[in-house]
Amino acid sequence: MDGLEVTASWYLILAAALFAIGVAGVVVRRNALVMFMSIELMLNSVNLTFVAVSKDLGLIEGQVASLFVMVVAAAEVTVGLAIIVAVFRKRSSANVDELAELKG
Amino acid sequence: MDAIDYHALLPEIILAVTVLATLLVDLFTSRKSFAAITAMIGMFASFVAILTLAFCDNLTFCTSTGDRVLFGGSFVVDGYAIVLQGLFIFAGFIVVLMSVGYLETDRYYEGEFYFLIVSAVLGAAVMASSRDFISMIVALEIVSGSGFLLAGWRKGDARSNEASLKFFIIGVLALALLLFGVSLIYGLTGTQVFSEIAAASSSVEDIALFNLGAIFVLLGFGFKVSAVPFHFWTPDVYEGSPPPVTAWLSVGSKGAGFVGLLSVCYLALPSVTEIWGPVLWLVAALSMTIGNIVAIKQTNVIRLLGYSSIAQAGFMLAPFGAAAATGADLSQTFSATVTYLVIYAVMNLGAFAVVIIVGTRVGSYELERWSGLNTWAPGLALSLAAFFMSLAGIPPLAGWFAKFVMFSATIGVGSWWGYSIAIVAALNAVIALVYYLKVLKSAFFDTVPADLDVATLEAGTVPGPTSFAIGLTAAAVLVLGIFPGLAANLGDFSSDFLATLGL
Amino acid sequence: MTVTISEFFKESANWAFLAIAVPTLFAGWRTVTSNNIVRAVLYLVVSLGGTAGLFFMLGAEFVGWTVVLVYIGAVIILFLIGIMITRAPLGQEADLSHAMNVKAPAALLSTVVFGVITWAMIDAFGNNMIPPFEPTATSDLSLLLFDRFVIPFEVVSFVLLAALIGGIAIARQDEEVVS
């Protein structure tokens, strides 16, 4: 197979687009689970950037970095779901803006 | 691969063993306090290990020639790392001391609580030594992750749940921004190690993307240190969390964010000071002003301390932003920031220890319920006065020296960046005095609320561990205030290594 | 050397890129706009699966499989469990998002973020060619992981441990503990 004509920037622009979609999601969503899914989208775009630039550089540290990002993200999912379950148990809603105990 | 210098890693290894030991002790013993004792013994041992690293054979601080560099420069034990590791372990130790009494007031999970505190201390300690982005971020995530969980530790309290969820969403968003910035910087320099990034960044041609990466990294850390305008979550989280956790968040967790910010700015991004200098200058000015002005209106002591900690973060950033914006010598301001951080940590922990005792006794953190504190607990009122005066910067308490170092470093920059922020800081020091004194006025001069029974309040006792924590921090505040050279030594020791970098 | 549109479409690998990238992007878009929470999760699966495909194209096979196993296999399941536990309605749900008035600023913010990053990226990486397809040996990754990155590797295990233990303590149902 000869070289792909796709340039590194194609991957990076895709990553930028996914990141921007994630940012929009965090702003638009009010359900904590779905907000968190938008943040997962952003973290996924980080992984894509890491792997694409490391391919561009001809290095593999970027791939190792993306593995760490994934493990950290998985740990945060555990933490996040535990917290969402605790919140839900107390007030039967996972919507962030209905949390009004604290003055804000 | 070279042989590993296990002595350099000893404090972290001891902390890691302590994390596991705390969990196991809690599993196999019925007395909950054993877990706390294990945690404290482990942290003390780790502190001793740090001392063995800090002092050379002749009992003087090692100079930067004695730095231990491991794993290709990604893990370094130098004066800076040692001072901050010591600080984090001290903070963890005090927080455990004040938690013992607090957790007994209600039926909390205790073993897991101490387990998470020691984990967070481990993360913060690794952060202080980390000199590459991946180690730093992974370590930062132990601090943040355990912070999210600890914030929600009052499971039956909707405010605590809410604090936890807010903190989590903001924290993970900050992580995503930070990582995106790191991925861009990595793409341009081909390395994660700070010193290599600094070396490569001068030859980076695509400066726009590099700047963008730096901005994303600063955004991420801006959330972590709760600097204005990324501070909005702080007072809510501080108020909702169990108070000992708030003490940890305002010192340990925030301190870890500062360590990240300092390391990244000084070690990885010295070539773009014209980007982060003015940004930090502005953030410092805003944090001081907004933190202080909003603090005046607060009626809840914990929220007040939350806003006060935002303002204090502004003071810490001031010299740092001014010097970078000017392009001046950075080592003087680095030393000032570390000195301020050390003193702030000690006095803020002390203030929290007293506030927790009074708050539990009165059953409320609303200031109006605290009036007349002096009549039923003169000792507590006096210690409260000592810590709040210190936070306000009144001699001979340690806080004045922190302010002094900050002002002299800021003015010493010798440019309008420095002079102007020194004026902002001076005005803010006066504003801050207003609300610290407001609390003390209420405690000393107002009458006890009619529905509070003075006899019951007087009969209450301060739990032994908490009084030890108050005594320890009060002694430190006095000693550092009267012999400020000690704190200055720590600051200088921590900035020694900058000389070797030619900063 | 620049790639013109016509040249771009001559190459089959470019078709492959587009065939993966377009659904990935669309699914990402639907994840943040869908009013059905379960569909939002399933769109997230498609988006993550698409990225895994791109990782294979970039030769990062190990990373790609990790995405499939960890993200699609575990994280998504956790999300679904979270949805079931919080008894979120499985059909259409009107209140997943804020009211209409945040959508315009969000779209604007998103466009600005995308525009700025893309501009800077094209500035930096404009026409760099991706080196020929050759998978990275997993052994190279692991050598790096256990040498240079051994500290974060050890530390990340404590991240997971803290998340697990703390998560259990927070999520556990116990009426009698804690007032």
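What you see is a predicted model, and the numbers here were worked out from it, not measured in a lab.

A. The overall build of chain B, seen in detail. In terms of regular secondary structure, chain B is built from 20 helices and two strands. Scaling as 2.2 N^0.38, a compact globule of 503 residues should have a C-alpha radius of gyration of about 23 Å, and chain B matches this with 22 Å. Across its three principal axes, chain B shows a C-alpha extent of roughly 70 × 55 × 50 Å. Contacts in chain B between residues at least 24 apart in sequence constitute 80% of all its contacts with a sequence separation of at least 6.

B. View of the overall build of chain C. On a plain count of helices and strands, chain C comes out with seven helices and zero strands. Order of helices (α) and strands (β) in chain C, N terminus to C terminus: α-α-α-α-α-α-α. Residues classed as buried in chain C amount to 36% of the 179 residues present. Intrachain contacts of chain C at a sequence separation of at least 6 include 59% that bridge at least 24 residues.

C. Up close: the interface of chain B and chain A. Counting from both sides, the interface comprises 30 residues of chain B and, opposite them, 36 residues of chain A. Secondary-structure elements contributing two or more residues to the side of chain B that touches chain A are α5 (133-151), α6 (158-189) and α9 (234-240) of chain B. Taken together, the residues of the side of chain B that touches chain A break down into 15 nonpolar, nine polar and six charged.

D. Local environment of the nonpolar core. In terms of nonpolar packing, the biggest core is built from 316 residues, with I117, V121, A176 and I343 of chain B touching the most fellow members. Per element, the largest residue contribution to this core is 21 residues, and it comes from helix α13 (residues 331-362) of chain B. In this structure, this core is formed jointly by two domains, domain 1 (5-132) and domain 2 (137-179) of chain C, each of which donates at least three residues. For V121 of chain B, the residues in contact, after removing those within four places along its chain, are L15, M43, F88, I89, G92 and G252 of chain B.

E. Quick look at the environment of V100 of chain B. The topology assignment puts V100 of chain B in helix α3 (residues 79-103). Given 24 C-beta atoms within 10 Å, V100 of chain B falls into the buried group.

F. Summary view of unusual backbone geometry. All names here are of chain B. Following P395, the chain continues into P396 via a peptide bond in cis, with omega recorded as 5°. By the element assignment, P396 lies in the loop between α15 (378-392) and α16 (398-412). Residue S226 is not a glycine yet carries a positive backbone phi of 50°. Looking at where S226 falls in the secondary structure, it is placed in the loop between α8 (207-224) and α9.

G. Fine view of the interface of chain C and chain A. The partner chain A presents 66 residues to the 81 residues of chain C that form the contact. Going through the elements one at a time, α1 (5-10), α2 (12-33), α3 (37-57), α4 (61-85), α5 (103-125), α6 (138-145) and α7 (150-171) of chain C are the ones with two or more residues in the side of chain C that touches chain A. Along the lines of polarity and charge, the residues of the side of chain C that touches chain A split into 56 nonpolar, 20 polar and five charged.

H. Geometry of the confidence of the model for chain C. Residues and elements named next belong to chain C. On average, residues of chain C score 81 in pLDDT, and 78% of them reach the 70 mark or higher. Confidence scores differ between elements of chain C, with α1 showing the lowest mean pLDDT of 64 and α7 the highest of 92. Scoring of the predicted complex yields 0.90 for pTM and 0.89 for ipTM.

I. Looking closely at helix α7 (residues 194-201) of chain B. Residues and elements named next belong to chain B. Residues F194, I197, A198 and S201 constitute the buried set of α7. End-on view of α7: buried residues confined to an arc of 100°, all on one side of the axis. Close packing links the buried residues of α7 with α6, α8 and α10 (243-268).

J. A look at the packing of helix α12 (residues 301-326) of chain B against α16 of chain B. All names here are of chain B. Remark: α12 packs on α16, axes separated minimally by 8 Å, with the N-to-C direction vectors making an angle of 20°. Relative to α16, α12 is oriented roughly parallel. Here α12 runs over α16; the crossing is left-handed. Residues F315, A318, P319 and A322 of α12 lie in contact with α16, whose contacting residues are M406, A409 and T410. Partitioned by chemical class, the residues of the contact of α12 with α16 number six nonpolar, one polar and no charged.

K. Examining the packing of α3 of chain C against α4 of chain C more closely. Residue and element names in this part refer to chain C. Running from N to C, α3 and α4 cross one another at 175°; their axes reach a closest spacing of 8 Å. It follows that α3 is roughly antiparallel to α4 by the angle criterion. Within the contact between the two elements, α3 uses I37, V38, V41, L44, V45, L48, G49, T51, A52, F55 and F56 and α4 uses E61, V63, G64, V67, V68, Y71, I72, I76, F79, L80 and I83.

L. Region of the structure containing the environment of L97 of chain B. Residue and element names in this part refer to chain B. Turning to its location among the elements, L97 is positioned in helix α3. In this structure, the C-alpha to C-alpha distance between L97 and T273, residues 176 residues apart in sequence, is 41 Å. Beyond its immediate sequence surroundings of up to four residues, L97 is in contact with P465, T466, F468 and A469.

M. Representation of the environment of F68 of chain A within the structure. Among the secondary structure elements, F68 of chain A is positioned in helix α3 (residues 61-91). You can call F68 of chain A buried: it has 25 C-beta atoms within 10 Å. Remark: the alpha-carbon pair of F68 of chain A and N47 of chain A, spanning 21 residues in sequence, is separated by 9.5 Å. Excluding residues that lie within four positions of it along the chain, F68 of chain A makes contacts with I134 and V138 of chain B together with P152 and V156 of chain C.

Parameters at a glance
Residues numbered from 1 in each chain as written. Chains lettered and ligands numbered in written order. Predicted model: local features only at pLDDT ≥ 70, side-chain atom pairs only at ≥ 80, totals over all residues. Helix = DSSP H or I, 4+ residues; strand = E, 2+ residues; numbered from the N terminus. Rg over C-alpha atoms; globule rule 2.2 N^0.38 Å. Contact = placed C-beta atoms within 7 Å. Buried ≥ 20, exposed ≤ 12 C-beta atoms within 10 Å, placed from the backbone. Nonpolar A, V, L, I, M, F, W, Y, C, P; charged D, E, K, R; others polar. Core = buried A, V, L, I, M, F, W, Y, C linked by C-beta atoms within 7 Å. Domains from an automatic or database assignment. pLDDT = per-residue confidence, 0-100. Arc of directions from axis to C-beta. Axes fitted to C-alpha atoms, helices over the stretch in contact; angles between N-to-C directions. Parallel < 35°, antiparallel > 145°, perpendicular 65-115°, else oblique. Left-handed = near helix turned anticlockwise from the far one by under 90°.

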